[in-house]
Amino acid sequence: MSGKERIRSYGVITIGTFLMAVGVNVIYEPMGMVTGGFSGIGIILYRFFKLPLWLTTAVLNIPLFILAGKSFGMAFVKKSLYAAICFSVALGIVPTPSAVFDDYLMAAILGGTLNGVGIGMVFGKGASTGGSDLLSTLLSLIFPWVTAGTLLSVTDGIIVAAGMLVFGIRKGLYAIVAVFITTKLMDRILEGLKFAKLLYIISDEQEAIAAGVMQELDRGVTALTGRGMYSQKEKNVLMCAVSRKEAVSVIRIIKKADRSAFIIISDAREVMGEGFTDQY
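Quick caveat: nothing in here was measured; it's all calculated off a predicted structure. For every chain, the first residue of the written sequence is number 1, and numbering continues from 1 onward in sequence order. Local features are withheld for residues below a pLDDT of 70 in this predicted model, meaning they are given only at 70 or higher, and side-chain atom pairs are given and counted only at 80 or more; totals for whole chains, interfaces and linings count all residues. Side-chain measures were taken over the full set of non-hydrogen atoms in the model, leaving aside hydrogen atoms and water.

### Concerning the overall build of the chain
- Helix and strand content of the chain: 10 helices and 4 strands.
- In DSSP terms, a helix is any run of H or I states spanning at least four residues, a strand is any run of E spanning at least two, and both are numbered starting from the N terminus. Going residue by residue from the N terminus, the α and β elements of the chain occur as α-α-α-α-α-α-α-α-β-α-β-β-α-β.
- Radius of gyration: over C-alpha atoms. The globule rule applied is 2.2 Å multiplied by the number of residues raised to the 0.38 power. Over its C-alpha atoms the chain spans a radius of gyration of 24 Å, topping by over 25% the 19 Å that the globule rule assigns to 280 residues.
- When its C-alpha atoms are laid out on the principal axes, the chain stretches across 75 × 45 × 40 Å.
- Burial here depends on accessible area, computed with a 1.4 Å probe over protein chains only, as a share of the maximum for the residue type. Under 20% is buried, over 50% is exposed, and the range in between is partly exposed. For the chain, the residues scored as buried account for 39% of the 280 residues in total.
- Of the accessible surface of the chain, which amounts to about 15,500 Å², a share of 64% is contributed by carbon and sulfur atoms.
- Both charge centroids of the chain, one from 26 positive and one from 20 negative side chains, sit 5 Å from each other. Each accessible area value is a Shrake-Rupley result obtained with a 1.4 Å probe; residue values ignore everything except the protein chains displayed when judging cover. When charges are counted, Lys and Arg contribute as positive and Asp and Glu as negative, whereas His and the chain ends are disregarded. To locate a charge, take NZ of a lysine, CZ of an arginine, CG of an aspartate or CD of a glutamate.

### Focus: the packing of helix α3 (residues 53-72) against helix α6 (residues 131-142)
- Running from N to C, α3 and α6 cross one another at 45 degrees; their axes reach a closest spacing of 10 Å. If you check the angle between α3 and α6, you find them oblique. You can see that α3 and α6 cross each other, and the crossing is left-handed. Residues Asn61, Leu64, Phe65, Leu67, Ala68, Ser71 and Phe72 of α3 form the contact with α6, whose own contacting residues are Gly131, Leu134, Leu135, Thr137, Leu138 and Leu141.
- When residue character is reported, Ala, Val, Leu, Ile, Met, Phe, Trp, Tyr, Cys and Pro are called nonpolar, Asp, Glu, Lys and Arg charged, and the others, Gly included, polar. Its residues assigned to classes, the contact of α3 with α6 comprises 9 nonpolar, 4 polar and no charged. Interaxial angles span 0 to 180 degrees and are taken between N-to-C directions of axes, which are lines fitted to C-alpha atoms, for helices over the stretch in contact. Between 65 and 115 degrees an angle is taken as roughly perpendicular, under 35 as roughly parallel, over 145 as roughly antiparallel, and anywhere else as oblique. The sense of a crossing depends on the near helix, which, turned anticlockwise from the far helix by less than a right angle, makes the crossing left-handed and, turned clockwise, makes it right-handed. Whether two residues are in contact is decided by their heavy atoms: any pair within 4.5 Å suffices.

### Comments concerning helix α9 (residues 206-216)
- The set of residues buried in α9 consists of Gln206, Ile209, Ala210, Gly212 and Val213. The arc that holds the buried residues of α9, viewed along the axis, is 160 degrees, so those residues lie on one side. Exposed and facing more than 90 degrees away from the buried side of α9 are Glu207 and Gln215.
- Looking one or two residues beyond α9, the residue adopting positive phi is aspartate 218, at roughly 60 degrees. Arc definition: it is the arc formed by the directions from the helix axis to the C-beta atoms.

### Considering the sheet that holds strand β2 (residues 222-227)
- Following DSSP output, two strands are said to pair if at least two bridges run between them. Taken together, 4 strands build an open sheet; the order of strands is β2-β3-β1-β4 and the sheet is antiparallel. On the outer flanks of this sheet lie β2 and β4 (262-268), each paired with one strand and no other. Averaged over all pairs of adjacent strands, the angle between strand axes in this sheet comes to 25 degrees, irrespective of strand direction.
- Relative to strand β3 (residues 234-242), strand β1 (residues 196-202) runs antiparallel, the two sharing 5 bridges. Bridge pairing in β3 places lysine 197 opposite valine 242.
- With respect to the sheet, α9 is in contact with β1 and β3, its orientation differing from that of β3 by roughly 15 degrees.

### Things to note about the environment of aspartate 204
- Looking at where aspartate 204 falls in the secondary structure, it is placed in the loop between β1 and α9.
- Look at aspartate 204 and you get exposed, because its relative accessible area is 63%.
- Expressed as a C-alpha distance, the spacing of aspartate 204 and glycine 42, which sit 162 residues apart in the sequence, is 64 Å.
- Under the rule applied, a polar contact is a pair of N or O atoms within 3.5 Å (in protein, one hydrogen donor and one hydrogen acceptor; residues adjacent in sequence only if both atoms are side-chain atoms). Within polar-contact distance, the side chain of aspartate 204 engages the side chain of lysine 235 at 3.1 Å.

### Brief notes about unusual backbone geometry
- A positive phi angle, near 60 degrees, is found at aspartate 218, a position not held by glycine.
- If you trace the backbone, aspartate 218 turns up in the loop between α9 and β2.
- On the basis of relative accessibility, which here comes to 68%, the residue aspartate 218 falls in the exposed class.
- Here glutamine 232, not a glycine, exhibits a phi torsion of approximately 60 degrees, which is positive.

### What to know about the pattern of salt bridges
- Salt bridges, as used here, are contacts in which a Lys or Arg side-chain nitrogen is within 4 Å of a carboxyl oxygen on Asp or Glu. A complete count under the given rule lists 5 salt bridges for this structure.
- Lysine 197 is the salt-bridge partner of aspartate 267, the closest N and O atoms lying 2.5 Å from each other. Of this pair, aspartate 267 sits in strand β4 while lysine 197 is found in strand β1, placing the two residues 70 residues apart along the sequence.
- By relative accessible area, which is 22% here, lysine 197 ends up partly exposed.
- Notably, a salt bridge pairs glutamate 234 with arginine 227, separated by 3.9 Å at the nearest N-O pair.
- Taking relative accessible area as the criterion, glutamate 234 reaches 55% and is therefore assigned exposed.
- Using a relative accessible area of 42% as the deciding quantity, one classes arginine 227 as partly exposed.

Shown next, in the form of structure tokens:
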């Protein structure tokens with residue numbers, strides 16, 4: 001990355017970690033909602049020992065990053081180490097309100113939204129804040145037959161269950177709602193970076209359609225060789241990857257050239273290359 005891109009990347013990570021800290025300090029900790037991760041462990045420990053959340057997350061992350069550095073190399077954990085430090089600093093800076101919400105559903109929505117946006121920004125730049133994410137990655141080296149995603153679900157599930165035992169089932173159920181919102185919003189943010197539409201077009205006006213897409217939208221079109229099994233005739237199938245907004249324009253171009261064209265539109269979760277993102 002260039003210097004400007006690197007600064008922008010770390011800036012997004014910084015903002016994302018502060019949004020996460022606001023969700024934890026302003027929503028989860030005052031209301032006793034444990035949503036997993038090391039911040040969830042910190043909320044539980046604060047209940048008994050009054051240990052600051054930033055201190056708990058920092059202390060728990062130290063051995064993980066040492067192990068990760070030895071296992072994967074420091075280049076792998078560099079961004080995540082920065083994100084973890086920022087998150088701990090943000091937890092220490094963001095004030096915790098003395099008053100709490102009466103509406104747990106609204107708290108779950110607000111907390112889930114803040115964390116979903118924050119985590120999406122951090123993950124979108126190829127980093128994480130350590131915690132259970134990094135723990136599950138390390139555990140996958142010990143249990144290679146289990147996916148890291150499954151291990152993450154198990155570790156976070158144990159933390160949420162512990163939160164239920166400490167703060168009650170009602171708060172634990174609302175915490176699960178917050179986790180659901182966080183996950184869905186995070187996925188939407190990450191998909192928004194690489195999400196696209198993939199179109200397959202069967203038409204007798206292939207040249208006109210391809211020319212329209214390439215000239216009006218500046219998108220590439222690929223002709224795939226196909227054969228109709230009923231007619232036994234050879235015919236090209238046009239394939240085109242475009243953004244969600246551009247898909248409407250492609251359909252307009254197709255209908256203008258051939259109203260009887262057969263179109264298949266599917267979701268492409270990740271598209272990389274010219275005209276799209278070129279990195280994970």
